[in-house]
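Observations on chain architecture
Listed below are the residues making up each chain.
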Amino acid sequence: MNTEIIIALVSMAGTLLGTFGGIVTSSKLTSFRIEQLEQKVDRHNNFAQRMPVVEEKIKVLNHRIEDLEREN
């Protein structure tokens, strides 16, 4: 076989392996970043669900304080 053909085939194989490796690495990084964002969204959603409960408790406490102030 001609040396130019062998060199071309080796170059093509290296290019394919390098491209495939880059795609796999990029895919792993993208998956990792998406997982991190999902965790942040979950924490935010938990906070958003708890806030109405806290607001209601604050309203109740404010009413109790007002009642106590009226008694004095």
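Note that this is a predicted model, so its numbers are computed, not measured. (Residues numbered from 1 in each chain as written. Predicted model: local features only at pLDDT ≥ 70, side-chain atom pairs only at ≥ 80, totals over all residues. Heavy atoms only, no water.)

Re the overall build of the protein
A count of helices and strands for the protein gives one helix and zero strands. A compact globule built from 72 residues would reach a C-alpha radius of gyration of about 11 Å, whereas the protein, at 31 Å, exceeds it by more than 25%. By principal-axis analysis of the C-alpha atoms, the protein measures approximately 105 × 15 × 5 Å. Carbon together with sulfur atoms contributes 63% to the accessible area of the protein, which is approximately 6,900 Å² in total. In the protein, which carries 9 positive and 10 negative side-chain charges, the distance between the mean positions of the two groups comes to 3 Å. (Helix = DSSP H or I, 4+ residues; strand = E, 2+ residues; numbered from the N terminus. Rg over C-alpha atoms; globule rule 2.2 N^0.38 Å. Areas by Shrake-Rupley, 256 points an atom, 1.4 Å probe, with all protein chains shown as cover. Lys, Arg positive; Asp, Glu negative; His and termini not counted. Charge placed at Lys NZ, Arg CZ, Asp CG, Glu CD.)

Topic: a nonpolar patch on the surface
Taken together, the side chains of Met 1, Ile 5, Ile 6, Leu 9, Val 10, Met 12 and Leu 16 make up a nonpolar region of the molecular surface, amounting to roughly 740 Å² of accessible area. Take Leu 16: it is sitting in helix 1 (residues 3-71). A relative accessible area of 54% means that Leu 16 is categorised as exposed. (Patch = residues over 30% accessible without salt bridge, like charges linked within 9 Å, V, L, I, M, F, W, Y side chains within 5 Å. Salt bridge = Lys/Arg side-chain N within 4 Å of Asp/Glu carboxyl O. Buried < 20%, exposed > 50% of the residue type's maximum accessible area, 1.4 Å probe, protein only.)

Points about the pattern of salt bridges
In this structure the tally under the stated criterion is two salt bridges. Glu 66 is the salt-bridge partner of Arg 70, the closest N and O atoms lying 3.7 Å from each other. With Arg 70 and Glu 66 both in helix 1 and four residues apart, the pair spans about one turn of that helix. Of the residues examined, Arg 70 reaches a relative accessible area of 63% and is grouped as exposed. Taken together, the shared-partner salt bridges in this structure form one network comprising Glu 66, Asp 67 and Arg 70.

Quick notes on the environment of Met 12
For Met 12, the position within the fold is in helix 1. Considering only alpha carbons, one finds Met 12 and Ile 58, 46 residues apart in sequence, at a separation of 68 Å.

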